[in-house]
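Summary of the model geometry
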Amino acid sequence: MAGVLVFGDISDGQLTPASLEVATAGANLASALGEPLRGALVGDDVAAATEKFRGGFAALYLVEGRHYRPYSTQASLAAAQAVIAACSPSVVLFAHTLETREWVPRLAARLDTGLVMDCTILAVEGQELVVTKPVYGGGVWGEFVIRGAPRMATVRASVFERRQAAAAGELVRVDAPPPAPDRVTYLDQAAAVAASGPKLKDAKIIVAGGRGLGGKDNWHFVEETAAALGAAVGCSRPVADSGWVPSLHQVGLSGTLVAPDLYIAIGISGAVQHLAGISAAKTVIAINTDHEADIFTRANYGVVGDCREVLPAFLERIKQLRS
Amino acid sequence: MSVTVHRLVEDGYQRLRVELPALLGISSEINEPRFPPMRGIMAAGRAMIPGWKASDLGVQAAASKVELRKLQIQLRTSKAEFIAGSSAAERGAALANRLHELGLV
């Protein structure tokens, strides 16, 4: 039993950026353990993803077939079990996604092995795998030792650097048995509302509003600021729950985890769950009437004041600076 | 027999059909809880709620493969650089200058 195995993810035929982040986490562990690093891809068409992913693995295992699209729990389980049986790794890593959250715990139960999900730190102590993840809404960090064979973990997005291409190893095709019929049928997926502007998850600039705006009537301040900066629109949980904007705009532990270069928080107090959602943001600006608000412990720059006075002046000056 | 469910995802929702029996995880977005009638509240106060131990159910917990070693509160000690200005509008303009200087807008 040896080696660190990293499962990449394919979305719309393309390798996801998170796959390269998990590869970095895997490479660090493999190096610390002194064991080989291997990768795996599962999909109905893995060609494009293979080219992007294969660098730096001693071997890349491929499971390809029509069973793997659309996503099904049973197909993912069958494929993963087949790859794990083929290479007997001591550690298996996955990106933490909506899908892996659902099927990887079932894999752990089947293999009767340890799993910790949504890890932000993975380390080796002696030969033990020790991981850290946010718990209790994100304000507390839990450190866990994972045992079993293989030890498994899912890795939070936007925490690790994306792995740069290195020399590629061999490609190994694995035949997985046809999956058991799934009791869940995926019917369709709809956008709640066609959101204008960039998607939150990928946005470089996000302008988000919270309860401090006072009411839905003031939401236009957020939209105008976002429009001026070419930003995506975000919101805190109370705003989504109150129905000011559709919940697809929600940033936070139970909304979207974002990783923009610039995050402007307007009238957001900075609850722990919201801060968890923006932990990967590079520069955070907070505008709030309360100079004691928790958001200011996370923000790089703060403006104390009523956003209805701050923002028009802010936007006017931006316009002047651009001309 | 099956049920059709909606599940919220990042940028919308999925529709899925699941065969019964099924275990469903319900999210708070599903509805506004109703307020129980006074009679129900009083009945709940008088209710006898059984308590079971694992041995009562004839089960034994399996040895855990995951060990919690430490819990740590993240202490936030850093503070933002507050933009100066004698009015909210002045601070707004000063913020624009600062972000422009930093090449962020």
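Given the structure is predicted, the values throughout are model-derived calculations rather than measurements. (Residues numbered from 1 in each chain as written. Chains lettered and ligands numbered in written order. Predicted model: local features only at pLDDT ≥ 70, side-chain atom pairs only at ≥ 80, totals over all residues. Heavy atoms only, no water.)

1. Re the overall build of chain A
Looking only at helices and strands, chain A features 9 helices and 18 strands. By the compact-globule yardstick of 20 Å for 323 residues, chain A fits well, its C-alpha radius of gyration being 22 Å. With the principal axes as the frame, chain A shows a C-alpha extent of 65 × 45 × 40 Å. For chain A, buried positions account for 55% of its 323 residues. Expressed as a percentage of contacts within chain A between residues at least 6 apart in sequence, the contacts between residues at least 24 apart total 62%. Of the roughly 13600 Å² of accessible surface on chain A, 49% is carried by carbon and sulfur atoms. Computing the positive centroid from 28 side-chain charges and the negative centroid from 32, chain A places the two 2 Å apart. (Helix = DSSP H or I, 4+ residues; strand = E, 2+ residues; numbered from the N terminus. Rg over C-alpha atoms; globule rule 2.2 N^0.38 Å. Buried < 20%, exposed > 50% of the residue type's maximum accessible area, 1.4 Å probe, protein only. Contact = heavy atoms within 4.5 Å. Areas by Shrake-Rupley, 256 points an atom, 1.4 Å probe, with all protein chains shown as cover. Lys, Arg positive; Asp, Glu negative; His and termini not counted. Charge placed at Lys NZ, Arg CZ, Asp CG, Glu CD.)

2. Side note on the sheet that holds strand β4 (residues 37–43) of chain A
Residues and elements named next belong to chain A. Ordered in space as β7-β11-β6-β1-β4-β5-β12, the 7 strands form an open sheet in which the pairing is parallel. The sheet is open, and its two edges are formed by β7 (115–119) and β12 (170–173), each paired on a single side. Sheet twist, expressed as the average angle between the axes of neighbouring strands with direction ignored, equals 20 degrees. With 3 bridges connecting them, strand β1 (residues 4–7) and strand β6 (residues 91–95) associate as parallel partners. The partner of Leu 5 across the bridge, within β6, is Val 92. Across the face of the sheet, helix α1 (residues 17–33) comes into contact with β1, β4, β6 and β11 (151–155) while running at roughly 160 degrees to β6. Seen against the sheet, helix α4 (residues 98–111) touches β6, β7 and β11 and runs at an angle of roughly 160 degrees to β7. (Pairing = 2+ DSSP bridges. Axes fitted to C-alpha atoms, helices over the stretch in contact; angles between N-to-C directions.)

3. Structural notes on the environment of Val284(A)
All names here are of chain A. Looking at the element boundaries, Val 284 is found in strand β17 (residues 283–288). By relative accessible area, which is 0% here, Val 284 ends up buried. Separated by 22 residues in sequence, Val 284 and Leu 262 place their C-alpha atoms 5.9 Å apart. The contact partners of Val 284, leaving out residues within four places of it in the chain, are Tyr 263, Ile 278, Arg 298, Ala 299, Asn 300 and Tyr 301.

4. Let's talk about the sheet that holds strand β2 (residues 12–19) of chain B
Judged by pairing direction, the sheet is antiparallel, and its 3 strands sit side by side in the order β13(A)-β2(B)-β1(B) without closing on themselves. The open sheet has two free edges, formed respectively by β13 (184–190) of chain A together with β1 (2–9) of chain B, since each of these has just one partner strand. Ignoring which end each strand starts from, the neighbouring axes of this sheet average 20 degrees apart. With 8 bridges joining them, β1(B) and β2(B) adopt antiparallel strand pairing. By the bridge assignment, Leu8(B) is partnered in β2(B) with Tyr13(B).

5. Observations concerning the pairing of β7(A)
Within a regular strand, the side chains alternate between the two sheet faces. Residues and elements named next belong to chain A. The element β7 is extensively covered by neighbouring structure, given that 5 of its 5 residues are classed as buried. Bridge analysis of β7 against β11 gives 3 bridges, and the strand direction is parallel. The partner of Val 116 across the bridge, within β11, is Ala 153.

6. Considering unusual backbone geometry
Glycine aside, the phi torsion of most residues is negative, and most peptide linkages are trans. Residues and elements named next belong to chain A. Pro 70 follows Arg 69 through a cis peptide bond whose omega is 0 degrees. In this fold, Pro 70 is placed in the loop between β5 (59–64) and α3 (73–87). Pro 150 follows Ala 149 through a cis peptide bond whose omega is -5 degrees. Structurally, Pro 150 is set in the loop between β10 (140–146) and β11. Of note in the backbone geometry, Asp 12 takes a positive phi value of approximately 50 degrees without being a glycine. Considering the arrangement of structural elements, one finds Asp 12 in the loop between β2 (10–11) and β3 (14–15). Taking the relative accessible area as the measure of exposure, Asp 12 reaches 67% and is therefore exposed. With phi around 65 degrees, Asp 118 is a residue other than glycine that occupies positive phi space. Inspection of the secondary structure assignment puts Asp 118 in strand β7. According to the relative accessible area criterion, Asp 118 is buried, its value standing at 13%.

7. As for the interface of chain A and chain B
Facing 64 residues of chain A, the contacting portion of chain B comprises 49 residues. Between chain A and chain B the total buried area reaches about 5200 Å² when both faces are included, carbon and sulfur atoms providing 55% of it. Counting the surface chain A buries against chain B, the share from its top three residues, Glu143(A), Arg183(A) and Tyr301(A), is 13%. For the pair chain A and chain B, the number of links is 7 salt bridges. In this structure, the connection of chain A to chain B is made through 22 residue pairs in polar contact (both at pLDDT 80 or more). The residue makeup of the side of chain A that touches chain B, split by class, is 34 nonpolar, 15 polar and 15 charged. Pairing of strand β18 (residues 301–304) of chain A with strand β4 (residues 81–82) of chain B, which is carried by 2 bridges, proceeds in the parallel orientation. When the sheet's bridge partners are listed, Gly302(A) is paired in β4(B) with Phe82(B). (Buried area = accessible area lost by both parts, 1.4 Å probe. Salt bridge = Lys/Arg side-chain N within 4 Å of Asp/Glu carboxyl O. Polar contact = N/O pair within 3.5 Å; in protein donor to acceptor, adjacent residues only side chain to side chain. Nonpolar A, V, L, I, M, F, W, Y, C, P; charged D, E, K, R; others polar.)

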